[in-house]
Amino acid sequence: MEGNKITYKSIDEYISNFPPEVQEILKNLRKVIKESAPDAEEKISYQMPAFALHGNLVYFAAYRNHIGFYPTSSGIDAFKHELLEYKTSKGAVQFPIKKPLPYELISKIVKFRVAENIKKAEEKLKKKK
C-alpha cells in the first residue's frame, strides 16, 4: 500500500502535520539547528526534516512518544556520555516528548557535525589537487 504514504515537500509541511504542542517542539528544534548550522540547507530526506552542509548533517522526526534526532553515528559517539539518560542507537537518539529537549546539547552536536563535514570536504579537496 505504497500509494497511501505521505510525501512532504518542505519542513514547514512536515511540522504542520502534528498537534500544536509537538509543532512547537519541532519549530524550536529546527531553530536550534539553524542557529548552530546557519549555512546548512534544509530539505526533506527519507520523509524527515534534514539539514545538509557538504553532505547530510542531521535529521529529526516526531513520533508518538519521542522526538528522534539523527546526527549520524559519529554525532552519537562523540557525545555518548552526555546522552546517557536517553535511548540511543548507532546513529540516533530519542528525546521523550514529555520532557524538555536538551537544546544546548543538540546545538553542540550540530556544531560538531558541521565541523566534521567541513573537515571531510576540505580533505576531499586536498586529495583532488
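Residues numbered from 1 in each chain as written. Predicted model: local features only at pLDDT ≥ 70, side-chain atom pairs only at ≥ 80, totals over all residues. Heavy atoms only, no water.

Trainee: Explain the pairing of strand β1 (residues 41–45) residue by residue, including any values.
Mentor: Inspection of the sheet shows β1 paired to strand β2 (residues 48–52) by five bridges, in the antiparallel sense. Opposite I44, over in β2, you have P49 as the bridge partner. Here β1 hands over to β2 after two residues, with Y46 in that stretch at a positive phi of 55°. (Pairing = 2+ DSSP bridges. Helix = DSSP H or I, 4+ residues; strand = E, 2+ residues; numbered from the N terminus.)

Trainee: An account of helix α2 (residues 20–36) is requested, with residue identities and associated values reported.
Mentor: Under the 1.5 Å per step criterion, the end-to-end length of α2 is 24 Å for 17 residues, consistent within 8% with the ideal 24 Å. Buried residues along α2 sit in contact with α1 (11–15), β1, β2, β3 (56–62), β4 (66–70) and α4 (103–128). (Expected span 1.5 Å × (residues − 1). Contact = heavy atoms within 4.5 Å.)

Trainee: If you had to explain the pairing of strand β6 (residues 92–96) to someone new, which residues and values would you point to?
Mentor: Relative to β6, β4 is paired through four bridges, and the arrangement is antiparallel. Considered in β6, the bridge of H66 is made with P96. Where strand β5 (residues 87–89) folds back onto β6 in an antiparallel hairpin, the turn is made up of two residues.

Trainee: Describe the side chain of S45, naming the residues involved and giving the relevant values.
Mentor: Checked against the element boundaries, S45 lands in strand β1. Accessibility expressed as a relative area gives 15% for S45, which makes it buried. Each residue touching S45, except ones within four places of it in the same chain, is listed here: A50 and Y59. (Buried < 20%, exposed > 50% of the residue type's maximum accessible area, 1.4 Å probe, protein only.)

Trainee: Give me the lowdown on unusual backbone geometry, citing residues and values where you can.
Mentor: Although it is not a glycine, Q47 adopts a positive phi angle of roughly 60°. Notably, T72 is not glycine yet its phi reads approximately 65°, a positive angle.

Trainee: How would you summarise α4 if you had to cite specific residues and measurements?
Mentor: One turn of the α-helix equals 3.6 residues, which is why residues spaced by three or four share an orientation. Its 26 residues place the ends of α4 38 Å apart at the C-alpha level, agreeing with the 38 Å of an ideal helix rising 1.5 Å per residue. Among all positions in α4, only L105, I106, S107, I109, V110, R113, V114, E116 and N117 are buried. Buried residues along α4 sit in contact with α2, β3, β4, α3 (72–78) and β6.

Trainee: A description of the packing of α2 against α4 should follow, citing residues and the corresponding values.
Mentor: Running from N to C, α2 and α4 point in directions that differ by 40°, and their axes come no closer than 9 Å. Classified by the interaxial angle, the pair formed by α2 and α4 is oblique. The way α2 lies across α4 gives a crossing that is right-handed. Of α4, the residues touching α2 (which contributes I25, N28, L29, V32, I33 and S36) are Y103, I106, S107, V110, K111 and V114. Taken together, the residues of the contact of α2 with α4 break down into eight nonpolar, three polar and one charged. (Axes fitted to C-alpha atoms, helices over the stretch in contact; angles between N-to-C directions. Parallel < 35°, antiparallel > 145°, perpendicular 65-115°, else oblique. Left-handed = near helix turned anticlockwise from the far one by under 90°. Nonpolar A, V, L, I, M, F, W, Y, C, P; charged D, E, K, R; others polar.)

Just geometry here; none of it tells us what the structure is for.
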